[in-house]
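Chain by chain, the residues:
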Amino acid sequence: MGNSTSRGTASFGTITPDYDVLPAQVESAIEELNDDDWDIKSITPLTETAYSSTILQNNADPLGMGMLKANAGSETITGTYTAGVIIVAQRWREITEAEAAERQREKAARRSAEDAILAAEAEEARRNAGPIAYDRIMSLPIERRGGIMSNTWLFNGQEYHTKGMAEDARRNMAHSAKIQAERDRDGVA
């Protein structure tokens, strides 16, 4: 209600409500809801703040050089107004046993479809257990320890003398994790 493109007055890119008809629009909406057996739970006004500022300038330039401008004063106007309302309403409707059974079937079908999607995702993760474990280990960082001039590299809490040694350790760990994940997946001890 109130602040929409079909109602109100456009001014400086903002649509403000037509205050003369806003109360009538709200009353009309309430009557329509009451006529259709809706239970109105709450009516919340939406308020906005209007702000306007004006600066009065003296554009007189006694030297003719375009350099002198002086403010003669300013005026600021602020105010709060109701821009619309939110009406929360609820309606209870009796349904037949056939409608209730149909809703239950639809709900069960949705649940079954969701379960099938989850099962497919789990199966995909199970099938890809090895590559997932490998990628997880390969994403662990290798860091230089002791600054730019240092020859010490750190991977998984252990120090290595060269970056190549640290990368080999990471590759070996990733390969072992992949083999172990595939064994776990296949039930091999």
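Asker: Help me get a handle on the packing of helix α3 (residues 129-138) against helix α4 (residues 163-186), residues and values and all.
Answerer: In contact at an axis separation of 7 Å, α3 and α4 are set at 155 degrees when each is read in the N-to-C sense. In terms of orientation, α3 lies roughly antiparallel with respect to α4. Between α3 and α4 lies a crossing of right-handed hand. In this structure, α3 contributes Ala-129, Gly-130, Pro-131, Ala-133, Tyr-134, Ile-137 and Met-138 to the contact, and α4 contributes Arg-170, Arg-171, Met-173, Ala-174, His-175, Ala-177, Lys-178, Ala-181 and Glu-182. Split into classes, the residues belonging to the contact of α3 with α4 amount to 10 nonpolar, 2 polar and 4 charged.

Asker: Can you tell me about the sheet that holds strand β5 (residues 143-145), naming the residues and giving the values?
Answerer: Ordered by their spatial adjacency, 3 strands build an open sheet running β5-β6-β7, and the pairing between neighbours is antiparallel. The outermost strands of the open sheet, each flanked by one partner alone, are β5 and β7 (158-160). Looking at each pair of strands side by side, their axes are set apart by 40 degrees on average, direction ignored. Relative to strand β6 (residues 152-155), β5 runs antiparallel, the two being bridged by 3 bridges. Looking at β6, one finds that Arg-144 is bridged to Trp-153. Packing of α4 onto the sheet brings it into contact with β6 and β7, and relative to β6 it is tilted by some 15 degrees.

Asker: Go over α3, please, and point to the residues and values.
Answerer: Within the sequence span of α3, burial applies to Ala-129, Gly-130, Ala-133 and Ile-137. One face of α3 carries all of its buried residues, which in axial projection span an arc of 100 degrees.

Thresholds, definitions, all that
Residues numbered from 1 in each chain as written. Predicted model: local features only at pLDDT ≥ 70, side-chain atom pairs only at ≥ 80, totals over all residues. Heavy atoms only, no water. Axes fitted to C-alpha atoms, helices over the stretch in contact; angles between N-to-C directions. Helix = DSSP H or I, 4+ residues; strand = E, 2+ residues; numbered from the N terminus. Parallel < 35°, antiparallel > 145°, perpendicular 65-115°, else oblique. Left-handed = near helix turned anticlockwise from the far one by under 90°. Contact = heavy atoms within 4.5 Å. Nonpolar A, V, L, I, M, F, W, Y, C, P; charged D, E, K, R; others polar. Pairing = 2+ DSSP bridges. Buried < 20%, exposed > 50% of the residue type's maximum accessible area, 1.4 Å probe, protein only. Arc of directions from axis to C-beta.

All we've got here are geometric facts, nothing functional implied.
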